[in-house]
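# Structural characterization, general
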Amino acid sequence: MQAGTRVVLGVSGGIAAYKAIEVCRRLVDGGAHVQPVLTRGATRFVGETTFSALASEPVRMSLWSEDEPIPHTRLGQGADVVLVAPATARLIADYAAGRSGDLLTATLIATRAPVILCPAMHTEMWEHPAVQENLATLRRRGVHIVPPESGRLAGGDVGHGRLADPATIVAAVESVLTPGDLSGLTVLVTAGGTREAIDPVRFIGNRSSGKQGHAIAEAAAARGATVSLVTASTLDVSGLTEVVRVVSAAEMHDAVMARADAADVIVMAAAVADFRPVQVMPHKMKKASGPPEIRLEPTVDILAALGRSRRPGQVLVGFAAETDDVAGNARAKLAAKGVDLLVANDVSVPAVGFEHDTNAVVIYGADGSVTPVELTTKLTAAHRVLDSALHVYRRGADR
Ligand code: CTP
């Protein structure tokens, strides 16, 4: 950790507050400037004096300080990171709702620094939908969550909900503060299968879930990129700069083209429909009218359009879902669409491609490179795709 990194250490009222003392000590030992902010509840478990003795600044607790009119804005604006350990169910709920009734929650609302929450509570509370939904809301807003572990809880119970280990918490702080290898880059990702309307209730679609594209977007954000995701999937996604939900190939085309110029790397992981009905029926088609004949017309090939219009230095990555002659089809698409990298997967193989959480791909490069990625999680596959894209980007920048 860089010496002098300003950490606001929030401690809310749970038994795990005693472990925040160890977190505080480790942060200070690591060179951080630690300002503890305790809630009233926290002081029922740990003493102010303990933190004041260990930290770089005396404990702060009140919004209404004698010596300072607006402590929460000073703390929020001055922090490099705000860490809350432990974060109780109540603190999480207040933060998700935007309530700012005490110094800690007011500081959380007043900061633009990264925020890390380390929840700790009994298993029943941790698993309650209210808590999980609040955490999902916060994740969507870019808050980092260090999940609790399993083990002994207060009162002798054993279960999930124990505060993460202090070493894990400090490692999370370091990782959030370390600029990723994609920081400074803008990455545009597409995901999911588009739907082409036939009538108000029917559409032509495909089996793409959007999981691989979302994993690429989240991995790029975790590595510091500014990420726009244009997605036809309804899956949740978090930590991104922008998420644009679309349905059809035409909507995806417009959303991508509006953002393409600003992007350093574009990853077209979406399964875009190649054809759409010429006419969308205004009313539901009735069975009694007999089997319909639906005339189709081509959609715009977004990737090929990007390949023709991209600016120098921009890296373009296409995907290909194949069921046969994967290598031959991938190389043909690589050339035809004018991309730098073509990520091919054989969706006929078990556990590969559509709807699975795992994938196996081969990344073909315009320079003739072939990088196989053996069966792994979609997140790991996402990182390998980004590794290849970054390699191409850096090579271009060196020229
Ligand atoms: N793609 C696109 N716009 C389309 C169709 C596809 O941008 N209208 C992109 C996909 O996002 C993917 C790549 O092109 O990155 C390859 O898609 P794929 O459907 O495999 O290729 P097609 O060119 O449609 O070829 P075919 O369907 O014949 O395999």
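Just so we're clear, the structure is a prediction, and the values are computed from it rather than from any experiment.

All right, on to the domain arrangement of the chain then. If you check the domain split of the chain, you get domain 1 (6–177) and domain 2 (186–398). If you average the C-alpha positions of domain 1 and of domain 2, the two centres end up 39 Å apart.

All right, on to the packing of helix 1 (residues 17–29) against helix 8 (residues 166–177) then. It is at 9 Å that the axes of helix 1 and helix 8 come closest, and there the two elements cross at 45°. The angle between helix 1 and helix 8 places the two elements in the oblique class. Seen from above, helix 1 lies across helix 8 with right-handed handedness. On helix 8, the residues that touch Lys19, Glu22, Val23, Arg26 and Leu27 of helix 1 are Pro166, Ala167, Ile169, Val170 and Val173.

Our focus in this paragraph is the layout of surface pockets. In this model, the largest pocket occupies a volume close to 1,100 Å³. Along the walls of the largest pocket sit 35 residues, with Gly142, Val143, His144, Ala221 and Gly239 positioned nearest its centre. Of all the secondary-structure elements, those providing two or more residues to the lining of the largest pocket are helix 5 (103–110), helix 7 (129–140), strand 5 (144–145), helix 8, helix 9 (211–222) and helix 13 (378–398). At six residues, helix 9 tops the list of elements feeding residues into the lining of the largest pocket.

The subject of this paragraph is the sheet that holds strand 1 (residues 6–11). The sheet built from five strands is open, its strands ordered 2-1-3-4-5 with parallel pairing. The open sheet is flanked by strand 2 (33–38) and strand 5, the only strands paired with a single partner. Bridging between strand 4 (residues 115–119) and strand 5 involves two bridges; their strand directions are parallel. Bridge assignment links Leu117 to a residue of strand 5, and that residue is Ile145.

Before going further, it helps to spend a moment on the site of the ligand. In the vicinity of the ligand there are 16 residues, among which Met268, Ala270, Leu303, Lys333 and Lys337 approach most closely. Thr299 places a side-chain nitrogen or oxygen 3.3 Å from a nitrogen atom of the ligand. The side chain of Lys333 places a nitrogen or oxygen atom 2.6 Å from an oxygen atom of the ligand. Taking 570 Å² as the accessible area of the ligand by itself, protein coverage stands at 75%. If you map the ligand onto the pockets, it falls in the second largest pocket. Broken down by secondary-structure element, the contributors of at least two residues to the shell around the ligand are helix 11 (302–309), strand 16 (315–322) and helix 12 (326–337). With four residues, the top contributor of residues to the shell around the ligand is strand 16. Residues that form the shell around the ligand fall into these classes: ten nonpolar, two polar and four charged.

The rules behind these values
- Residues numbered from 1 in each chain as written.
- Predicted model: local features only at pLDDT ≥ 70, side-chain atom pairs only at ≥ 80, totals over all residues.
- Heavy atoms only, no water.
- Domains from an automatic or database assignment.
- Axes fitted to C-alpha atoms, helices over the stretch in contact; angles between N-to-C directions.
- Helix = DSSP H or I, 4+ residues; strand = E, 2+ residues; numbered from the N terminus.
- Parallel < 35°, antiparallel > 145°, perpendicular 65-115°, else oblique.
- Left-handed = near helix turned anticlockwise from the far one by under 90°.
- Contact = heavy atoms within 4.5 Å.
- 1 Å grid on protein atoms, 1.4 Å probe; cavity = no way out; pocket = protein on both sides within 12 Å on 5 of 7 lines; lining within 4 Å.
- Points joined across faces, edges and corners; volume = space filled by probe spheres on them.
- Pairing = 2+ DSSP bridges.
- Near = heavy atom within 4 Å.
- Polar contact = N/O pair within 3.5 Å; in protein donor to acceptor, adjacent residues only side chain to side chain.
- Areas by Shrake-Rupley, 256 points an atom, 1.4 Å probe, with all protein chains shown as cover.
- Sits in = over half its atoms within 2 Å of the grid points.
- Nonpolar A, V, L, I, M, F, W, Y, C, P; charged D, E, K, R; others polar.

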